[in-house]
Amino acid sequence: MLLRLPRYFSKHLSLQIEELYASTAIGELGISIFLLFEPIFLYAVLGLSIQQVLWFFAILYATYIFLLPLGARIVSIVGYYHGIFYSTFFMIAYWLLLYVSQEYHGLLWIAPILYAMHKSLYWTAFHASMARFANDSQKGREFSVLYAIVNVTRIVGPYIGGVIGTYYGLQGSLLLACTIYLCSFIPLFIKREEFVSKPYEFRWTLELYKKYPKKFLGYLGFGEELIVLSIWPIFIYTIVNNFETTGKLATIATLVSTLLALYLGKISDKNSKTVLIKTGAFFTALIYFARFMATSFWSIFALDALSRTAKDTVIIPLATVTYERAENTHIMPYVVFFEQSLAIGKLLACLLGIIVFSLVAGTFGVGLAFLAVFALAGVFSLFYMFI
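Residues numbered from 1 in each chain as written. Predicted model: local features only at pLDDT ≥ 70, side-chain atom pairs only at ≥ 80, totals over all residues. Heavy atoms only, no water.

## Describing the overall build of the protein chain
Working step 1: Across its full length, the protein chain holds 16 helices and 0 strands.
Working step 2: When the 387 residues of the protein chain are sorted by exposure, 58% land in the buried category.
Working step 3: Surface accessibility of the protein chain: about 15,600 Å² in total, with carbon and sulfur atoms responsible for 68%. (Helix = DSSP H or I, 4+ residues; strand = E, 2+ residues; numbered from the N terminus. Buried < 20%, exposed > 50% of the residue type's maximum accessible area, 1.4 Å probe, protein only. Areas by Shrake-Rupley, 256 points an atom, 1.4 Å probe, with all protein chains shown as cover.)

## Some details on the packing of aromatic side chains
Working step 1: Tallying each qualifying case throughout the model produces 37 aromatic pairs.
Working step 2: Aromatic side chains Trp-232 and Phe-235 sit 5.5 Å apart centroid to centroid with 20° between the ring planes, which places their arrangement in the stacked category. On the criterion of helical spacing, the pair formed by Trp-232 and Phe-235 is a turn pair, its members being 3 residues apart in helix H11 (residues 232–240). Across this residue pair, the class does not change: Trp-232 and Phe-235 are buried.
Working step 3: When the centroid spacing of 5.2 Å and the interplanar angle of 80° are considered together, the rings of Phe-282 and Phe-283 count as edge-to-face.
Working step 4: Judged by relative accessible area, Phe-282 falls into the partly exposed class, the value being 42%.
Working step 5: Since its relative accessible area comes to 41%, Phe-283 is described here as partly exposed.
Working step 6: What links up through ring pairs into an aromatic cluster is the set Tyr-209, Tyr-212, Phe-216, Tyr-219, Phe-222, Tyr-334, Phe-337, Phe-338 and Tyr-384.
Working step 7: A cation over an aromatic ring shows up here: Lys-119 above the ring of Tyr-64, its NZ or CZ 5.2 Å from the ring centre. (Phe/Tyr/Trp six-rings, centres within 6.5 Å; stacked < 30°, edge-to-face > 60°. Lys NZ or Arg CZ within 6 Å of the ring centre and 35° of its normal.)

## A closer look at the environment of Met-130
Working step 1: When you line up the elements, Met-130 lands in helix H5 (residues 111–133).
Working step 2: Residues in contact with Met-130, not counting those within four places in the same chain, are Ile-17, Leu-20, Glu-142, Phe-143, Leu-146 and Tyr-323. (Contact = heavy atoms within 4.5 Å.)

## Overview of the nonpolar core
For soluble globular proteins, the rule of thumb is that nonpolar side chains tend to be buried together.
Working step 1: Of all hydrophobic cores here, the largest spans 123 residues; its most connected members are Leu-42, Tyr-94, Trp-95, Leu-98 and Leu-318.
Working step 2: A per-element tally of this core places helix H15 (residues 331–364) first, with 15 residues.
Working step 3: Ignoring any residue separated from it by four or fewer positions in sequence, one finds Tyr-94 in contact with Glu-38, Phe-56, Ala-111, Pro-112, Leu-114 and Tyr-115. (Core = buried A, V, L, I, M, F, W, Y, C linked by side-chain atoms within 4.5 Å.)

## Brief notes about helix H13 (residues 273–289)
Working step 1: Look at H13: 25 Å from first C-alpha to last across 17 residues, which is about the 24 Å you get at 1.5 Å a residue.
Working step 2: Three or more residues of H13 are buried, namely Lys-273, Leu-276, Ile-277, Gly-280, Ala-281, Thr-284, Ala-285, Ile-287 and Tyr-288. Take H13 and look down its axis: the buried residues cluster within an arc of 160°, on one side only. (Expected span 1.5 Å × (residues − 1). Arc of directions from axis to C-beta.)

## Considerations on the packing of helix H2 (residues 38–45) against helix H3 (residues 50–78)
Working step 1: Remark: H2 packs on H3, axes separated minimally by 10 Å, with the N-to-C direction vectors making an angle of 135°. As the angle between them shows, H2 and H3 are arranged oblique. Here the hand of the crossing between H2 and H3 comes out right-handed. Two secondary-structure elements touch here, H2 through Glu-38, Leu-42 and Tyr-43 and H3 through Ile-50, Val-53, Phe-56 and Phe-57. (Axes fitted to C-alpha atoms, helices over the stretch in contact; angles between N-to-C directions. Parallel < 35°, antiparallel > 145°, perpendicular 65-115°, else oblique. Left-handed = near helix turned anticlockwise from the far one by under 90°.)

## Things to note about the confidence of the model for the protein chain
Working step 1: Mean pLDDT over the protein chain stands at 87; residues scoring 70 or higher make up 90%.
Working step 2: Under a pLDDT of 50 for its full length, residues 1–6 has, in the predicted model, 12 contacts with residues more than four places off or in other chains. (pLDDT = per-residue confidence, 0-100.)

## Re helix H16 (residues 366–382)
Working step 1: Taking 1.5 Å of rise per residue, 17 residues should cover 24 Å, and H16 covers 25 Å from first to last C-alpha, within 8% of that figure.
Working step 2: Among the residues of H16, Ala-369, Phe-370, Val-373, Phe-374, Leu-376, Ala-377, Gly-378, Phe-380 and Ser-381 are the ones counted as buried.
Working step 3: Where H16 is buried, its residues meet H3, helix H10 (223–230), H11, H13 and H15.

## Notes on the side chain of Ser-184
Working step 1: Secondary-structure assignment places Ser-184 in the loop between helix H7 (170–181) and helix H8 (202–211).
Working step 2: Classification of Ser-184 as buried rests on a relative accessible area of 3%.
Working step 3: Separated by 2.8 Å, the side chain of Ser-184 and the backbone oxygen of Tyr-181 make a polar contact.
Working step 4: Apart from residues no more than four positions distant in its own chain, Ser-184 is found in contact with Ser-23, Ile-26, Gly-27 and Thr-88. (Polar contact = N/O pair within 3.5 Å; in protein donor to acceptor, adjacent residues only side chain to side chain.)

Below, the structure written as structure tokens:
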């Protein structure tokens, strides 16, 4: 067995979950080396404006919305592990296209399409695996450990990416991320995947939109995640103006929230997940509205750590509820419903962010425009309460 945590889990993990943990650890380490710096790369290296960065991600999520049903159908035929395997090469191609976009700028706008192809295969396979193989009595704990693994990589990754970015440029961070990520599928094929092909039809997902309209509204809350992953890193960089310092800040803030993720997993298995989600959504929104206080390293650190902690309070019970619903209905149709709904939220956040930033920057300046976009993210956070 790859992982044993008997004092934390009430039952042993399935082999499939252990393999998914190992694959995620490797893959997320690669991603975390460059994830924080991806929007900074677009902004500082490729010279895109804030509005153009948001357009970049708008193309990504618009494409993703339409590709998701196709990705789900492919994964339903080839298997979850093979879906993750094929997605790896689209991710590598996406990063390499970003790299060559320094010389061939026009290729930059093809890159988000490749990223959408990766996401349509990876996330349908990943979520379906968690819903299918996680133990019913400890889904919250199994996801919280997975979430903690992601957080651990995001403690190490940004610091590594920042150091390499400082001395070798963000291009070096990107190439290292590619190399590590390419190895992420290996743990999934230590043992032959046992998979029975099942059909998938998008009309089954459409029925879920009719059945769960409030859940759809709740998943739109992920629009805030778009802002925190694309605009917040650029905002941090404009203040500290150093790759290594930016990486250190993310490392320390993530460290503060990681242990809490494990504790929240136990809570979500034993207590009302709805109450946890609503509480986390409220404080997530509150912290977005307070980001006007982010003026120095330590104030940014405090807000970032508080934001991650509040988001943990939302995401762990939210994911647990989502996996339980997916298993209790039809797994793949619900996975597509979940991912497509959050992608719509992120697309809306991009488009509204472009409008808000342009209007406020033109009238009151860039500084207030950043704060207005963070306030928009705070509004999106409140949508989590519908779940």
